[in-house]
Amino acid sequence: MKLNKQNLTQLAPEVKLPAYTLADTRQGIAHIGVGGFHRAHQAYYTDALMNTGEGLDWSICGVGLRSEDRKARDDLAGQDYLFTLYELGDTDDTEVRVIGSISDMLLAEDSAQALIDKLASPEIRIVSLTITEGGYCIDDSNGEFMAHLPQIQHDLAHPSSPKTVFGFICAALTQRRAAGIPAFTVMSCDNLPHNGAVTRKALLAFAALHNAELHDWIKAHVSFPNAMVDRITPMTSTAHRLQLHDEHGIDDAWPVVCEPFVQWVLEDKFVNGRPAWEKVGVQFTDDVTPYEEMKIGLLNGSHLALTYLGFLKGYRFVHETMNDPLFVAYMRAYMDLDVTPNLAPVPGIDLTDYKQTLVDRFSNQAIADQLERVCSDGSSKFPKFTVPTINRLIADGRETERAALVVAAWALYLKGVDENGVSYTIPDPRAEFCQGLVSDDALISQRLLAVEEIFGTAIPNSPEFVAAFERCYGSLRDNGVTTTLKHLLKKPV
């Protein structure tokens, strides 16, 4: 059955439908970067609130700034912006649910001014973002906004026809300010530390170059709440679409597949209202820092610890690494010995239980989360997910071998051939640059670790870490993943 408004009532009885009338919703959020995660997370929570009869004035208008977003828009538009949330887990407490909280999607390519007008309209009170870790144009080596980038220079020179998120937001806020319309909240939902603070820094840096008065107005009137977001959401495959069709009779051009687990911890800092998300499980707090440090260090850090090693071994799914006892033992040692000692207490969270939850989630075979997805954009992920842990280990004079193995696995992964001789492409916007860093094994330490925007300054200046990296790299190259892990795990703690 083709998914659309007309066919909703004809779907299988186990499929949960919107409990609200779609025509009764009104837009209040514009979301830039509609992908799987946004639909499985923020759109999911908003739909859940609407199902209680509240929040109908917080429908989401999707926004696409890239040419690749056209297919997503066309797929959603072809089914009245409805999509299926398809939970997959190893237990029976999963659901299949049609989400109706997205009601439109605009593409920058079609009309920059139409998009600016939408963002400037009084109905839009939150502009939320999932633009990837690298989308904020912040240099990780010094924390500064990279104003020299060509797309940023374009937007500064052509403010009425921008291409970047900063150009569009500033253009919209310029119109709102001129018309006396209150500012909106800018809410990052990307997976990076202090995402609200990063967004604020980047936008204010852009605005300062664009218009000093606008910069001051944004500083005074726009809020940027930090958030910790969590739900494993693999890329939707043809196999997923067919599985949904065969098991539940839904013909959905772009369903979203996710695990049953979902979490959102959010600072309650909104300047123009917000949905009552706390009624559907969102945890509001004054300070999200301990939650995000826990999640980024343990979940995202462990993902990177597993993913490049697993890919080199020949695995292609996260659960395959978890079926290998050596990988589980390594993940637990990394979490317990390298990450956990760095973490502050997290209100309401038992870290031992949380770490076991991660093992269980990563072992979810039904979701078939792709290692390629987790491998992607390594040059942007390492500074945020792994380098802080390594820096603390170095500062405290602690063992760095397990953490060095994470970096060594990435270095060998960048060669583009696994230990079975299978070639693959590197999913990273900086792939060519990164592969150039590992082209000569004799110079790999000097070249790779010296890239300050990825590894900072402490790592290349630590003889102990550099030596550990070289040992791990040499062992992976000469002996393979299994032998390297066995040797590492036999070492005394």
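Residues numbered from 1 in each chain as written. Predicted model: local features only at pLDDT ≥ 70, side-chain atom pairs only at ≥ 80, totals over all residues. Heavy atoms only, no water.

Draft legend 1. Local environment of the sheet that holds strand β6 (residues 102-107). Strand order across the open sheet formed by five strands is β6-β3-β2-β7-β10, with parallel pairing between neighbours. Of all strands in the sheet, those with a lone pairing partner are β6 and β10 (185-188), marking the two edges. Neighbouring strand axes in the sheet, compared pairwise and without regard to direction, differ in orientation by 25° on average. Of the strand pairs in this sheet, strand β7 (residues 126-129) and β10 are connected by four bridges, and their pairing is parallel. Residue L129 lies in a different strand from β10, and its bridge partner there is S188. Packing of helix α2 (residues 42-51) onto the sheet brings it into contact with β2 (27-32), β3 (59-64) and β6, and relative to β3 it is tilted by some 160°. (Pairing = 2+ DSSP bridges. Helix = DSSP H or I, 4+ residues; strand = E, 2+ residues; numbered from the N terminus. Axes fitted to C-alpha atoms, helices over the stretch in contact; angles between N-to-C directions. Contact = heavy atoms within 4.5 Å.)

Draft legend 2. Inspection of the UniProt feature "binding site: NAD(+)" (unreviewed entry) in the protein chain at higher detail. Within the UniProt annotation, "binding site: NAD(+)" (unreviewed entry) is assigned to G36, F37, R66, D69, E133, D190, N191 and T233. With respect to the secondary-structure elements, E133 resides in the loop between β7 and β8 (138-139). Here E133 is in contact with N191, L192, S380, K381, K384 and F385, once residues within four sequence places are set aside. Along the chain, the position of T233 falls in the loop between β11 (227-230) and α9 (238-248). Of the residues examined, T233 reaches a relative accessible area of 7% and is grouped as buried. Among all residues touching T233, those that are not within four sequence positions of it are G36, F37, A40, V256, V257, C258 and R373. Engagement of the side chain of T233 in a polar contact is seen with the backbone oxygen of R231, the distance being 3.1 Å. (UniProt positions renumbered as here; feature names shortened; annotations may be inferred. Buried < 20%, exposed > 50% of the residue type's maximum accessible area, 1.4 Å probe, protein only. Polar contact = N/O pair within 3.5 Å; in protein donor to acceptor, adjacent residues only side chain to side chain.)

Draft legend 3. Expanded view of the packing of helix α4 (residues 112-120) against helix α6 (residues 165-179). Running from N to C, α4 and α6 point in directions that differ by 60°, and their axes come no closer than 8 Å. If you check the angle between α4 and α6, you find them oblique. As for the relative orientation of α4 and α6, their crossing is right-handed in sense. Between α4 and α6, the contacting residues are A112, Q113, L115, I116, D117, L119 and A120 on the first element and F168, A171, A172, Q175 and R176 on the second. In the contact of α4 with α6, the residues fall into eight nonpolar, two polar and two charged. (Parallel < 35°, antiparallel > 145°, perpendicular 65-115°, else oblique. Left-handed = near helix turned anticlockwise from the far one by under 90°. Nonpolar A, V, L, I, M, F, W, Y, C, P; charged D, E, K, R; others polar.)

Draft legend 4. Summary view of unusual backbone geometry. Positive phi is not limited to glycine here, since Y81 has a value of about 65°. Structurally, Y81 is set in the loop between α3 (69-77) and β4 (83-87). A residue is classified by how much of its surface remains accessible, and Y81, at 12% relative accessible area, is buried. With phi around 55°, D377 is a residue other than glycine that occupies positive phi space. Structurally, D377 can be placed in the loop between α14 (371-375) and α15 (378-385). According to the relative accessible area criterion, D377 is buried, its value standing at 18%.

Draft legend 5. Structural context of the packing of helix α7 (residues 195-210) against helix α8 (residues 212-221). The contact between α7 and α8 brings their axes to 6 Å, and the two run at 155°. It follows from the interaxial angle that α7 and α8 lie roughly antiparallel. For the pair α7 and α8, the sense of crossing is right-handed. Facing R200, L203, L204, A207, A208 and H210 of α7, the residues of α8 in contact are A212, L214, H215, I218 and K219. The residue inventory of the contact of α7 with α8, partitioned by class, reads seven nonpolar, two polar and two charged.

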